[in-house]
Amino acid sequence: MRLPAGDSELVQIMDGALAEAARRAGEWLVCRPGCTPCCHGAFAIGPLDALRLSAGMEALRAAEPLKAEASKSGRGRGLPSMGRIFPAIGDRNPGRDGGGAGAV
C-alpha cells in the first residue's frame, strides 16, 4: 500500500505545528504523556487517515504479527457504550437516512 508522495513531509509539518501549539498552550493544555481519555472518543477520519492506518497495520502485520492480531481484539469494543452518546458511530450505512458519520 503506497501513501501519496509527500505524505511523510505533511505528517512532519503537522507534528511540528502540534508540538508548537502544545508549547505555546503551556499549562492550559490538559493533555499530558500517559493521559489518553480524549484520544479514545469518537472522531471522524478522512480517506488519507484510513490509508495511513491501513499502511501502518500492514507494516505491523509484517513486523509483529502477534501484536497486529492482538490489536484487532479491541476493535469495535466501544461501539455499544458510545452508541448511546454518538448514535451515528454504530451506523454501518451512513447517509441512508441523512444522518451519521459512520466513522469508527
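Everything that follows concerns the structure shown earlier in this document.
None of the values given here were measured: they were computed from a predicted structure.

Glancing now at helix 1 (residues 7-25). The terminal C-alpha atoms of helix 1 lie 27 Å apart, and with 19 residues this matches the ideal 27 Å at 1.5 Å per residue to within 8%. Within two residues after helix 1, Gly26 carries a phi angle of roughly 55 degrees, on the positive side.

The next thing to look at is the pattern of salt bridges. Pairing is possible between side chains of opposite charge, provided their charged atoms come close. Scanning the model with the defined rule gives 4 salt bridges in all. The closest approach of N and O atoms between Glu20 and Arg23, which form a salt bridge, is 2.7 Å. With Glu20 and Arg23 both in helix 1 and 3 residues apart, the pair spans about one turn of that helix. Judged by its relative accessible area of 33%, Glu20 falls in the partly exposed class. Measuring nitrogen to oxygen at the nearest pair gives 3.6 Å for the salt bridge that ties Lys67 to Glu64. A network of salt bridges, in which partner residues are shared, links Asp7, Asp49 and Arg52.

A contiguous nonpolar surface patch, about 280 Å² in accessible area, is contributed by Leu10, Met14 and Leu18. Residue placement: Leu10 occurs in helix 1.

Looking now at the packing of helix 2 (residues 47-63) against helix 3 (residues 65-72). Axis separation between helix 2 and helix 3 bottoms out at 5 Å; the angle between their running directions is 130 degrees. One element, helix 2, and the other, helix 3, form an angle in the oblique class. Along its contact with helix 2, which presents Met57, Leu60, Arg61, Ala62 and Ala63, the element helix 3 presents Pro65, Lys67, Ala68 and Ser71. Among the residues forming the contact of helix 2 with helix 3, the class breakdown is 6 nonpolar, 1 polar and 2 charged.

Thresholds applied
- Residues numbered from 1 in each chain as written.
- Predicted model: local features only at pLDDT ≥ 70, side-chain atom pairs only at ≥ 80, totals over all residues.
- Heavy atoms only, no water.
- Helix = DSSP H or I, 4+ residues; strand = E, 2+ residues; numbered from the N terminus.
- Expected span 1.5 Å × (residues − 1).
- Salt bridge = Lys/Arg side-chain N within 4 Å of Asp/Glu carboxyl O.
- Buried < 20%, exposed > 50% of the residue type's maximum accessible area, 1.4 Å probe, protein only.
- Patch = residues over 30% accessible without salt bridge, like charges linked within 9 Å, V, L, I, M, F, W, Y side chains within 5 Å.
- Areas by Shrake-Rupley, 256 points an atom, 1.4 Å probe, with all protein chains shown as cover.
- Axes fitted to C-alpha atoms, helices over the stretch in contact; angles between N-to-C directions.
- Parallel < 35°, antiparallel > 145°, perpendicular 65-115°, else oblique.
- Contact = heavy atoms within 4.5 Å.
- Nonpolar A, V, L, I, M, F, W, Y, C, P; charged D, E, K, R; others polar.

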